[in-house]
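Structure at a glance
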Amino acid sequence: MALERLLNDIRHCRICEGSLPLEPRPVLSAAETATLLIVGQAPGTRVHETGIPWNDPSGDRLRQWLELDKSVFYDTRRIAILSMGFCYPGKGKSGDLPPRPECAYHWREKLHRQLPNIRLTLLIGQYAQRYYLAERFTSLTETVRAWQAFQPDYIPLPHPSPRNNIWLRRNEWFAQELLPVLKKQVHQLIK
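Presented here is a report on the structure given in the accompanying data block.

Definitions and limits used
- Residues numbered from 1 in each chain as written.
- Predicted model: local features only at pLDDT ≥ 70, side-chain atom pairs only at ≥ 80, totals over all residues.
- Heavy atoms only, no water.
- Buried < 20%, exposed > 50% of the residue type's maximum accessible area, 1.4 Å probe, protein only.
- Helix = DSSP H or I, 4+ residues; strand = E, 2+ residues; numbered from the N terminus.
- Pairing = 2+ DSSP bridges.
- Contact = heavy atoms within 4.5 Å.
- Core = buried A, V, L, I, M, F, W, Y, C linked by side-chain atoms within 4.5 Å.
- Axes fitted to C-alpha atoms, helices over the stretch in contact; angles between N-to-C directions.
- Parallel < 35°, antiparallel > 145°, perpendicular 65-115°, else oblique.
- Left-handed = near helix turned anticlockwise from the far one by under 90°.
- Nonpolar A, V, L, I, M, F, W, Y, C, P; charged D, E, K, R; others polar.
- Phe/Tyr/Trp six-rings, centres within 6.5 Å; stacked < 30°, edge-to-face > 60°.
- Lys NZ or Arg CZ within 6 Å of the ring centre and 35° of its normal.

Looking down a regular strand, the side chains alternate between one sheet face and the other. Burial of the side chains of strand 1 (residues 36–39) extends over both faces: Leu36 and Ile38 are buried on one face and Leu37 and Val39 on the other. In this structure, strand 1 lies alongside strand 2 (residues 79–81), joined through 3 bridges in parallel fashion. The residue of strand 2 that forms the bridge with Ile38 is Ile81. By the bridge criterion, 4 bridges tie strand 1 to strand 5 (residues 120–124) in an arrangement that is parallel. Its bridge partner lying in strand 5, Ile38 is registered against Leu122.

Here's what the structure looks like:
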């Protein structure tokens, strides 16, 4: 019940309303039984419109990386999805703006206390990695390359956005070395 109340409070949050380009629409999903936590950046416009996390081309690629269909990916009993920012932050020069910091400050620790069964957290993108790994974060590429150093609690990943196709081509080791381990760990965890 405590988690449901907290999720309801977050979904009605208006803390940074004046700083957002659109009406606040916090997007997240979780249940106390979840064993996998996915932490991304912030919703894009399509996710904002639908209210469904990772409901865009980035989510399609992420589900492909994990070899999960939508029914499993959105099963909150197994997977919690809590981005660093819960609302669409707006457009920047080269993509969306960074997630608003208010979400992490006001909600993250409260949420973690209500998710006692999380055994693995996927840190997608530099904002999640910087928050969770703190001084151990160097750069996205170096952090993802050193993924084994963060086991068994975390796996840092690049953002699955189509904007990162160049990064994926330059870092073929990601698909060859990390993705097979990622799929195996995720499937063992949520079966």
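Another aspect to go through is the side chain of Thr35. In this fold, Thr35 is placed in the loop between helix 1 (2–11) and strand 1. You can call Thr35 buried: its relative accessible area is 14%. When neighbours within four sequence positions are excluded, Thr35 is seen to be in contact with Arg78, Asn117, Ile118, Arg119, Leu120, Leu189 and Ile190.

Counting residues in hydrophobic clusters, the biggest one holds 28 residues, and the most contacted among them are Leu36, Ile38, Leu66, Leu122, Phe174 and Leu182. Elements supplying a minimum of two residues to this core: strand 1, helix 3 (57–66), helix 4 (70–73), strand 2, strand 5, strand 6 (154–157), helix 8 (165–170) and helix 9 (173–190). With sequence-adjacent residues up to four places away left out, Leu122 is seen in contact with Leu36, Leu37, Ile38, Val39, Leu66, Ile155, Leu157 and Leu182. Core analysis: the second largest hydrophobic core is formed by 26 residues, Ile10, Leu28, Leu82 and Leu111 among them.

So, about the packing of helix 1 against helix 5 (residues 102–113). Put simply, helix 1 and helix 5 touch, their axes get as near as 10 Å, and they point 160° apart. Judged on the interaxial angle alone, helix 5 and helix 1 are roughly antiparallel. For the element pair helix 1 and helix 5, the recorded crossing hand is left-handed. Residue-level inspection shows Leu3, Leu6, Leu7, Asp9 and Ile10 of helix 1 in contact with helix 5, the latter providing Trp107, Lys110 and Leu111. For the contact of helix 1 with helix 5, the residue count by class is 6 nonpolar, no polar and 2 charged.

Helix 9 packs onto helix 3 with a crossing angle of 80° between their chain directions and a minimal axis gap of 8 Å. As the angle between them shows, helix 3 and helix 9 are arranged roughly perpendicular. For the pair helix 3 and helix 9, contact is made by Gln64, Trp65 and Leu66 and by Phe174, Leu179, Leu182, Lys183, Val186 and His187, respectively. Of the residues in the contact of helix 3 with helix 9, the class split is 6 nonpolar, 2 polar and 1 charged.

This next bit is on the packing of aromatic side chains. Evaluation of the coordinates by the stated rule reveals 7 aromatic pairs. Pairing Trp65 with Phe174 gives two aromatic rings, centres 5.0 Å apart and planes at 65°, and the pair type is edge-to-face. Residue Trp65 is located in helix 3, and its partner Phe174 is located in helix 9; the two are separated by 109 residues in the primary sequence. You can call Trp65 buried: its relative accessible area is 6%. With relative accessibility at 2%, the residue Phe174 sits in the buried group. Through a chain of ring-to-ring contacts, the aromatic side chains of Trp65, Trp167, Trp173 and Phe174 assemble into a single cluster. The cationic tip of Arg63 hangs over the ring face of Phe73; the distance from NZ or CZ to the ring centre is 5.1 Å. Here the guanidinium or amino end of Arg108 rests over the ring plane of Tyr131, the centre of that ring lying 6.0 Å away.

From the geometry alone we can't say anything about function, so treat these as descriptive.
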